[in-house]
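Observations on the three-dimensional arrangement
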2 protein chains.
Amino acid sequence: MNLSTLLFGRRLANREHEDKKIGWIEAVPAMGLDGLGSSSYGPEAALTILIPLGALGVVYIGPVIFCIVALLGVLYFSYRQTLAAYPTNGGAYVVAKENLGEYPSLLAAAALMIDYVLNVAVGVSAGVGALVSAVPSLHPYILPLCLGIVLLVMLANLRGTGEAGWLFASPTYLFIICFLGAIGFGLTGIVLAEKPAPVVPPPPLGLAAQGATIWILMHAFASGCTAMTGVEAVSNGMGSFRQPVMRNAYITLTIIVVILTLLLGGIATIATVFEIGAMDQTKEGYQSVLSQLVAAVAGHGAFYYIAMASLLSVLCLSANTSFVGFPRLCQMVAADGYLPKAFAQPGRRLVFTVGILFLSGFAALLLIVFGGITDHLIPLFAIGAFLTFTISQAGMTVHWRRRSRGYAAKLTMNAVGAAATGVALVIILTAKFAEGAWITLITVPLTIAILKSIKNYYRSLQRELRKPGPITVEDVEPPTVIVVTETWNRLSERAIKFALTISPDVVAVHLIRLGGPELDERETALREEWRVEVEEPIAAHGLKPPRLMFIPAPYRQLHEPLLRLIEKLDADSPERRVAVLIPETVKDKWWQKLLHMNRAGRLRAKLVKLGGPRLTVATVPWRLYREEQEAG
Amino acid sequence: MNLSTLLFGRRLANREHEDKKIGWIEAVPAMGLDGLGSSSYGPEAALTILIPLGALGVVYIGPVIFCIVALLGVLYFSYRQTLAAYPTNGGAYVVAKENLGEYPSLLAAAALMIDYVLNVAVGVSAGVGALVSAVPSLHPYILPLCLGIVLLVMLANLRGTGEAGWLFASPTYLFIICFLGAIGFGLTGIVLAEKPAPVVPPPPLGLAAQGATIWILMHAFASGCTAMTGVEAVSNGMGSFRQPVMRNAYITLTIIVVILTLLLGGIATIATVFEIGAMDQTKEGYQSVLSQLVAAVAGHGAFYYIAMASLLSVLCLSANTSFVGFPRLCQMVAADGYLPKAFAQPGRRLVFTVGILFLSGFAALLLIVFGGITDHLIPLFAIGAFLTFTISQAGMTVHWRRRSRGYAAKLTMNAVGAAATGVALVIILTAKFAEGAWITLITVPLTIAILKSIKNYYRSLQRELRKPGPITVEDVEPPTVIVVTETWNRLSERAIKFALTISPDVVAVHLIRLGGPELDERETALREEWRVEVEEPIAAHGLKPPRLMFIPAPYRQLHEPLLRLIEKLDADSPERRVAVLIPETVKDKWWQKLLHMNRAGRLRAKLVKLGGPRLTVATVPWRLYREEQEAG
């Protein structure tokens, strides 16, 4: 068992693809982690904006969250229709490609890709941030912790979704149980008690520094909308579901949206009743909204710590949603020629290895550049999500319009979805422009430009390699074969023997690096050896013996004089092609590579790169040590 | 003009080798920097050992330095004889190889190699250490400064000795002028004045903590001997001298030894008269011995700063001596098969690029590991030098003994040299054992073991590739040619056409990654296309049309099913060899490599590695974009 088998498991056959698909029980953690995790920072972000309003701010959190939940409802019904209409893949990229054309689809692809990368960086750094504030002694290790989690999630995903399941399922379901439990318990207490009081009262809210304005409420809404990122994950991940696909997808989407709604509604209600507000993160004694909420409902007992630990895990692992979506998206985009083909190639475990590595690498780069603290990237993140929502719903609207009648209700639903998410997008863009939303105006067009130029490259390649039509066989004259030799040994013997089987016209070329009288001596000796060992036995067999040529290489590079010789041969007999045979020792071990100059490999690369179009370069391999036994 | 031409200069022809050789004016800086620079730390190291003796210590510095200078004299005359006896290369490795046998020569090689690497690390870090104590604000940049200097010296040497000359000559000659001037001026003052007094008095010496013992004096001698490292540089560098070689070598050696003697003697005299002792480096207000000396003689004027700056440069650049010696030594050792052949290969500028890079890399590694402070490596350094001296002189003694009479004087001279340096070596080893000399007992045998195992590898390789005797031509039956195709395009057309020229027996293999009904459809379509586009035109030409085979690759790796096919073909007709042709697109640009999967390259590597000894693998290159114009 070697290292890669240990790390990634055995190589899977194509037919095992079906076995790797998942049902809703695995899909809720795989696709919902991002959405559920965002319930922790959405309300917190909205309340943070409301801080200047003091105790009054908490009053407004209800209406703000209500708007977000209403939007979530619209999105839920819109996406159900998308899933039904695109049962193999209902991602924004596909929907836009089929209904809106190339550029909208690239816009959706770019927005989603950026979003997925940001989600990994932001999710992991939020989780580690929460962990570090719980255990301050870990503070010096923020970046290593972040990178370690990315590595862990990457390895789990390289093994495949199935295997990754157990890692993500338990914290997700624990999180759901804890927080729905806490909220349910809290709400029951509020309803039953005459005068509900928190177990641990939250810190008192500050005085109002200003009154509520439309701008502040818009801003709070825009911030709160981060709670909705991750809803599109199901539509992008249709390919992962096992049969019955539609049922699994519906159940997954429903569970995610219902739980998210319950969490958001519950948080808003309890926060309002118990007057829980956001605290300034930069000040000492900071406690997150959810931490205050659980303490207010259940006190600082064991439950508090279990709940907070499950929240931490969900945040850390919410990166996983990106690992489900990103490689699949890239595979589709690559299959259409907008990304390198390698993204579309299933790896050892039938997952799209290149996409997973690229996502991990890019997220790790972001984490390294920002030192593991990526809070200010959160606004960017909501923009990507809402851009995707809007394009997807707009695409669906066109989809229904193209059909004949009978789809008016569905069209209306998706149009409402497109309008609602479009308005939200404008609000977020406006409210968050100065905070970093402008960056999307650079990165999205840049990404689209890259995708488009990759497509152009493949298209021109395709044109160049176009079907040639029926083959034209002008002549099948054997080529002139040049065998590169260093001295007369078994390596060159083997190459000469092979050359004789493919052509009667063989030239052995001995390249000369040195000069002076020693050389003349050596040349005479080699010529004599050649005559006795090669020319005479071959001539005795009635074959044309190979010529031996000495070519000076005054600049110690072999390819230049060789290319000149090839040109000359080409000019002398243009009807004959030229093939170069290079004897090569095969190195099995890394240290053997250090002990050889890899002259054969370098010469081959240079000839292939610089040789004319009629040149063929072959290597005659000679495996060290094992050769004798095998040759028998 | 590309980047490498700018950095390293144009590629030189073999015949330009002579032009790159140097005379004594360039050789003194190139080969003497190490020896001259060591005059600054030799006396200082001896005086440091004498610190506990207080003012009494300074009295003993005279006799200690006298012993060192006497040893230097013996060495000078011994080495003159070595140069005369080995006018092409008189390094310890060659002398030991010819007179003492394999293991002594490897011992010399190992000692010298380690010494050269240590010299770079120690010299650069000593120079930077002095610079930093002069300009304390540079303290945070010790390591970057060290690495920067190594890089600079490396680049200069990659360009070649000639070009590196100007960089090293000016500080060397400035150093010689300044310090010989200061010493001469100081001695004149001492002789002329009735009661000589220092311009700036050195700090008063401490009280004697203990009396002088043999052990302390031995220790001081051992430490002072570091002043003699670098004397062997001339004998190792004989290959660099231009005609008349002997004269240039004699003059260089004489200049280096005479100046070193003057410096050591002058330093000892002035230190004794003015009572200059070493100071504790770890205490504040530390001043080096040479700094105190120049101040005592000439005060703290402009001259002081110029002299100290020249000393700094000499220390920093003393690494250059290693860059002259190490690559040449490695070239000889590699030519004998004890190091990878790459060390013996002259690069673009006719210098031994691999040796230079290896030396820089290893020294940089030492600097990084020790954070740029390598003082404690100095003792190791003297051991390497004296080990080399002893082996070299012992070898010369054997050399003269083998001759008939008439060489008694020369034999005696070298025997005295061997004995003297051998005794010194034992003293150094004993005195410095606990301080780190024990490390040589590990590194030297380890290096010898590595050299020896490399030799064994090459020897077994040689045995394997031994002269095969006259070629045996059993049959020249053309091979079965397998052409790997992906689809019918111009790439596969070209490969098929070439295959037809070398064999009538061509098999086109189409590897199938997918399964299911789509595949069957595709297979039918491809078969039909193949029949119309390939088989019929070729059959119409009266040739045997290539067979088209579909081979499933359920694990998405192409080489496994292909190897199975080759095995089958081999079994079916064992008299035919098999050749695989892989069409390959040639990528000129790095970004093209990102956009292609390099399937051809990976398949080729796998086949070469895993295929049997009878397999030949060829690539048919197709250059993108430029193909059409060139093919015409």
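Residues numbered from 1 in each chain as written. Chains lettered and ligands numbered in written order. Predicted model: local features only at pLDDT ≥ 70, side-chain atom pairs only at ≥ 80, totals over all residues. Heavy atoms only, no water.

Labelled according to an unreviewed UniProt entry, chain A appears under the name Amino acid transporter, originating from Rhizobium aethiopicum.

Side note on the pattern of salt bridges
Residue and element names in this part refer to chain A. Considering all chains together, one arrives at 26 salt bridges over all chains under this definition. The salt bridge involving glutamate 523 is made with arginine 527; its shortest N-O contact spans 3.8 Å. Within this pair, glutamate 523 and its partner arginine 527 are both found in helix 18 (residues 517–540), separated by four residues, close to a single helical turn. Residue classification places glutamate 523 among the partly exposed positions, given a relative accessible area of 22%. (Salt bridge = Lys/Arg side-chain N within 4 Å of Asp/Glu carboxyl O. Helix = DSSP H or I, 4+ residues; strand = E, 2+ residues; numbered from the N terminus. Buried < 20%, exposed > 50% of the residue type's maximum accessible area, 1.4 Å probe, protein only.)

With respect to the interface of chain B and chain A
Taken residue by residue, the interface counts 97 residues in chain B and 97 residues in chain A. Summing both partners gives a buried area of about 8,500 Å² for chain B against chain A, and 54% of it is carried by carbon and sulfur. Of all residues in chain B, Glu464(B), Ile471(B) and Arg556(B) give up the largest surface area on contact with chain A, accounting jointly for 10% of the area buried on that side. Linking chain B with chain A are two salt bridges. (Contact = heavy atoms within 4.5 Å. Buried area = accessible area lost by both parts, 1.4 Å probe.)

Re the packing of helix 3 (residues 55–85) of chain A against helix 8 (residues 214–224) of chain A
Residue and element names in this part refer to chain A. With their axes 10 Å apart at the nearest point, helix 3 and helix 8 run at an angle of 50° to one another. One way to sum up the angle between helix 3 and helix 8 is to call them oblique. When you trace helix 3 past helix 8, the crossing you get is right-handed. Between helix 3, through Tyr60, Val64, Cys67, Ile68 and Leu71, and helix 8, the contact on the second element is made entirely by Leu217, Ala220, Phe221 and Gly224. A class-by-class count of the residues in the contact of helix 3 with helix 8 yields eight nonpolar, one polar and no charged. (Axes fitted to C-alpha atoms, helices over the stretch in contact; angles between N-to-C directions. Parallel < 35°, antiparallel > 145°, perpendicular 65-115°, else oblique. Left-handed = near helix turned anticlockwise from the far one by under 90°. Nonpolar A, V, L, I, M, F, W, Y, C, P; charged D, E, K, R; others polar.)

A closer look at unusual backbone geometry
Residues Gln243(A) and Pro244(A) are joined by a peptide bond in cis, for which omega reads -10°. With respect to the secondary-structure elements, Pro244(A) resides in the loop between helix 9 (233–236) and helix 10 (245–274). In this structure, Glu275(B) is a non-glycine residue whose phi angle is positive, near 55°. Along the chain, the position of Glu275(B) falls in the loop between helix 10 (245–274) and helix 11 (289–298).

A word on the pairing of strand 5 (residues 615–623) of chain A
The element strand 5 of chain A is largely enclosed, with a buried count of nine among its nine residues. Of the two faces of strand 5 of chain A, both are covered, the one formed by Leu615(A), Val617(A), Thr619(A), Pro621(A) and Arg623(A) as well as the one formed by Thr616(A), Ala618(A), Val620(A) and Trp622(A). Where strand 5 of chain A and strand 5 (residues 615–623) of chain B come together, three bridges link them in antiparallel fashion. Bridge pairing in strand 5 of chain B links Thr619(A) to Val617(B). (Pairing = 2+ DSSP bridges.)

As for the relation of the copies chain B and chain A
Applying a rotation about an axis and a shift along it to one chain copy brings it onto the other copy. Superposing chain B onto chain A takes a rotation of 180° combined with a translation of 0.0 Å along the rotation axis, leaving an RMSD of 0.1 Å. The symmetry that links the two subunits is that of a two-fold axis. For chain B, the residue whose C-alpha comes nearest the rotation axis is Ala618(B), separated from it by 1.9 Å. When the interface residues of chain B are mapped onto chain A, 100% of them again lie at the interface, so the same face is used by both copies. (Least-squares fit on C-alpha atoms with pLDDT ≥ 70 in both.)

Comments concerning the domain arrangement of chain A
Per the domain assignment, the segments making up chain A are domain 1 (18–459) and domain 2 (480–631). Centre-to-centre, using C-alpha coordinates, domain 1 of chain A lies 62 Å away from domain 2 of chain A. (Domains from an automatic or database assignment.)

Regarding the nonpolar core
In terms of nonpolar packing, the biggest core is built from 155 residues, with Met113(A), Phe179(A), Val333(A), Leu339(A) and Phe386(A) touching the most fellow members. Looking at this core, the element that brings in the most residues is helix 5 (residues 102–134) of chain A, giving 17 residues. Excluding residues that lie within four positions of it along the chain, Val333(A) makes contacts with Tyr93(A), Ala109(A), Met113(A), Tyr338(A), Leu339(A) and Leu451(A). In this structure, Ala27(B), Leu290(B), Val333(B) and Leu339(B) belong to the second largest nonpolar core, which totals 154 residues. (Core = buried A, V, L, I, M, F, W, Y, C linked by side-chain atoms within 4.5 Å.)

Concerning the packing of aromatic side chains
Any aromatic ring pair is given by two values, namely how distant the centres are and how the planes are angled relative to each other. Tallying each qualifying case throughout the model produces 24 aromatic pairs over all chains. Taking 5.9 Å as the distance between ring centres and 85° as the angle between the ring planes, the aromatic pair formed by Trp488(B) and Trp530(B) counts as edge-to-face. In this pair, Trp488(B) sits in the loop between strand 1 (480–485) and helix 17 (490–502) while Trp530(B) sits in helix 18 (residues 517–540), placing the two residues 42 residues apart along the sequence. Judged by its relative accessible area of 2%, Trp488(B) falls in the buried class. An aromatic cluster is present here, built from Tyr116(A), Phe326(A), Phe343(A), Phe358(A) and Phe362(A) joined pairwise through their rings. Just above the ring of Tyr458(B) sits the side chain of Lys341(B); from NZ or CZ to the centre is 4.7 Å. (Phe/Tyr/Trp six-rings, centres within 6.5 Å; stacked < 30°, edge-to-face > 60°. Lys NZ or Arg CZ within 6 Å of the ring centre and 35° of its normal.)

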